[in-house]
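Close look at the chain arrangement
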Amino acid sequence: MIQVSNLSFSYTNQPFISGMNFSVAPGEIFGFLGPSGAGKSTLQKILIGMLRSYQGSAMVNGIECRSRTKKFYEEIGVDFEFSTMYEKLTARENLLFFSSLYEKKPRPFRELLERVGLEGDADKRVADYSKGMKSRLNFIKALLHDPVLLCLDEPTSGLDPVGSRVMKDMILEEKAKGKTILLTTHNMQDAAELCDRVAFIVGGRICALDSPHSLILSRGAATVTYTWLENGEQSASCPLGRISSDERLKALIAGNRLQSIHSSEPTLDEIFVEITGRELEYKISDNLKPKFIRNVE
Ligand SMILES: Nc1ncnc2c1ncn2[C@@H]1O[C@H](COP(=O)(O)OP(=O)(O)OP(=O)(O)O)[C@@H](O)[C@H]1O
Ligand SMILES: [Mg+2]
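Residues numbered from 1 in each chain as written. Chains lettered and ligands numbered in written order. Predicted model: local features only at pLDDT ≥ 70, side-chain atom pairs only at ≥ 80, totals over all residues.

With that settled, consider the domain arrangement of the protein. Under the domain assignment used here, the protein contains domain 1 (2–211) and domain 2 (217–288). Each of domain 1 and domain 2 has a C-alpha centre, and the two are 37 Å apart. At the level of secondary structure, the elements contributing two or more residues to the side of domain 1 that touches domain 2 comprise helix H6 (188–194), strand S9 (197–202) and strand S10 (205–210). Looking at the side of domain 1 that touches domain 2 element by element, the count peaks at three residues for H6. Of the residues assigned to the side of domain 1 that touches domain 2, the class counts are nine nonpolar, three polar and no charged. (Domains from an automatic or database assignment. Helix = DSSP H or I, 4+ residues; strand = E, 2+ residues; numbered from the N terminus. Nonpolar A, V, L, I, M, F, W, Y, C, P; charged D, E, K, R; others polar.)

Time to look at the sheet that holds strand S1 (residues 2–9). An order of S2-S1-S4-S5 is seen for the four strands of this open sheet, with the pairing classed as antiparallel. Two strands bound the open sheet, and with one partner strand each, they are strand S2 (17–24) and strand S5 (63–64). Across two bridges, strand S4 (residues 55–60) lies against S5 in antiparallel orientation. Pairing of Met-59 across the sheet is with Glu-64, part of S5. (Pairing = 2+ DSSP bridges.)

Quick look at the environment of Leu-229 now. You can see Leu-229 is positioned in strand S11 (residues 223–229). In this structure the C-alpha to C-alpha distance between Leu-229 and Arg-257, which are 28 residues apart in sequence, comes to 7.5 Å.

Put into structure tokens, the structure is as follows:
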């Protein structure tokens, strides 16, 4: 569906995106991950034919993006990073307008609005929508003409956990129908759950590309942590691959003395920090985390 070779692009005379090569198969969910300002949205804009002064090749659905014509957009649905709705129009009027830009018959508005919980607000002006409502409307706009490729730039940002779950389920339904999906996100849990493969982009370059599972396995062994009672609760850890030689663990198992045991792998969050060298933006430093409030009888 997508083939990028030797792609370079610059907004100024300094090179920005450089030497990019990757391809995305039909039916794949492909994630763009990376720190703010890394070039993820820029890359999406190249792939949807908005930025055409690039060097190298970017083929999407058999068409070189710089030579796209109007027909190119019949098969591409874009959920931009920021709302692209006409604020003075209602949600329904916006959907009517955007669907009129395509030759294809639109998907039924009611069904889409219902799915994202906006059926009751369809006749409200978008200016009066909350951030999460705008995100949901922006998302269904991308699905209106049932395109084969969806480009979703941070679709779940600003959504509550229920809204985010609905959107993720809808993304998986599109994949099940054979659609290809480009997903940019800062949420590593979403990326690990949804993406077949992810590309980490840092400073306009791809610095890692693989399935989340392979990245996790390649970046460190899973660890087993176990606890037992001995003058209070004690705990210890050992690498998963070496549990058979952990004498203490063997003795605790033989004596049925284990209190708990669990294994944990590095998370995509940790891999993000390791690859990009930066902390995730949404992480709060430990001393700022709210303390749990306990009811004291
Ligand atoms: N139209 C533009 N003209 C000049 N520079 C731009 C333009 N759009 C983006 N840039 C610059 O290109 C760089 C990459 O921006 P881009 O929006 O692609 O980052 P991003 O990875 O999507 O970041 P974020 O995660 O914050 O959305 C930034 O330094 C940005 O300032
Ligand atoms: Mg962006």
